[in-house]
Amino acid sequence: MSDIKSFYVGQRDEYIKSFTEEEVEAYARITGDYNYMHMDEEKAKKSFFKGRIVHGQLVAGMISALLGMKLPGGGNIYLQQSLEFLKPVRIGDIIKATVIISEINEKKKVLVLDTLCLNEQEEVVLKGKAKVLVLK
């Protein structure tokens, strides 16, 4: 855990992964979200997305992992997150989550970060802003 003064505007970090069939199924079991868009390829082929997509909140979980493990890291409190889901993510897509510090409020010990997830074509699939309380 770092002191608020150790961070700077523009500081960034990233996390890269792809989602497996097993992870999508586990997320459905944990949350109860068995929407056919995520679970049934045949039905999903007839939908707007023309096939199954990964749960948007599962993709957004990459941001939580980044904030909790890398920037700002463990022991801090995730206060707020806005999200826009811009493009579908499919099982096996390689996704890069990025967080970038855009504001620092030293008095309140709060970081504001731009949050993005990009696919292999560098298209933004998800974007938003996060606020994190730095506890040290």
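Quick caveat, the model's predicted, so the values are computed rather than measured.

The rules behind the values
Residues numbered from 1 in each chain as written. Predicted model: local features only at pLDDT ≥ 70, side-chain atom pairs only at ≥ 80, totals over all residues. Heavy atoms only, no water. Helix = DSSP H or I, 4+ residues; strand = E, 2+ residues; numbered from the N terminus. Buried < 20%, exposed > 50% of the residue type's maximum accessible area, 1.4 Å probe, protein only. Areas by Shrake-Rupley, 256 points an atom, 1.4 Å probe, with all protein chains shown as cover. Pairing = 2+ DSSP bridges. Phe/Tyr/Trp six-rings, centres within 6.5 Å; stacked < 30°, edge-to-face > 60°. Lys NZ or Arg CZ within 6 Å of the ring centre and 35° of its normal. Contact = heavy atoms within 4.5 Å. Patch = residues over 30% accessible without salt bridge, like charges linked within 9 Å, V, L, I, M, F, W, Y side chains within 5 Å. Salt bridge = Lys/Arg side-chain N within 4 Å of Asp/Glu carboxyl O. Expected span 1.5 Å × (residues − 1).

Focus on the overall build of the protein
- Per the secondary structure count, the protein includes four helices and five strands.
- Listed N to C, the secondary structure of the protein is β-α-α-α-α-β-β-β-β in terms of helices and strands.
- Dimensions of the protein, computed from the C-alpha atoms along their principal axes, are close to 55 × 30 × 20 Å.
- Within the protein, buried positions represent 37% of all 136 residues.
- Counting every atom, the protein has about 7700 Å² of accessible surface; 53% of that belongs to carbon and sulfur.

Describing the pairing of strand E5 (residues 124–133)
- Note that strand E2 (residues 77–85) and E5 share eight bridges and pair antiparallel. Within the sheet, the bridge partner assigned to Tyr-78 lies in E5 and is Val-132.
- As paired strands, strand E4 (residues 110–118) and E5 are joined by nine bridges and run antiparallel to one another. Paired with Asp-114 across the strands is Lys-129, a residue of E5.
- In this antiparallel pair of consecutive strands, E4 and E5, the connection spans five residues, and Glu-122 shows a positive phi of 65°.

A short note on the packing of aromatic side chains
- Summed over all chains, the structure comprises one aromatic pair.
- On the numbers, 5.0 Å between centres and 85° between planes, the contact of Phe-48 with Phe-49 is edge-to-face.
- Assessed through its relative accessible area of 73%, Phe-48 is described here as exposed.
- Overall, the relative accessible area of 24% leaves Phe-49 in the partly exposed class.
- The aromatic ring of Phe-19 is capped on one face by Lys-17, whose charged end is 4.9 Å from the ring centroid.

Considering the environment of Lys-50
- Among the secondary structure elements, Lys-50 is positioned in the loop between helix H3 (41–45) and helix H4 (56–69).
- The exposure class of Lys-50 is exposed, given its relative accessible area of 59%.
- In the structure, Lys-50 is positioned 13 residues away from Met-37 in sequence and 9.2 Å away in space, judged by C-alpha atoms.
- Discounting chain neighbours no more than four positions away, the residues touching Lys-50 are Ala-44, Lys-45 and Arg-90.

Some points on a nonpolar patch on the surface
- On the surface, Ile-77, Leu-79 and Leu-135 cluster together into a nonpolar patch covering about 260 Å² of accessible area.
- Relative to the helices and strands, Leu-79 resides in strand E2.
- When its relative accessible area of 47% is taken as the criterion, Leu-79 is described as partly exposed.

Some points on H4
- Counted at 1.5 Å a residue, the expected span for H4 with its 14 residues is 20 Å, and the 20 Å between its end C-alpha atoms agrees.
- Among the residues making up H4, those that are buried are Leu-58, Val-59, Ala-60, Met-62, Ile-63, Leu-66 and Leu-67.
- Buried residues along H4 sit against strand E1 (12–18), helix H1 (21–31), E2, strand E3 (94–105), E4 and E5.

Distances and angles like these do not, on their own, reveal function.
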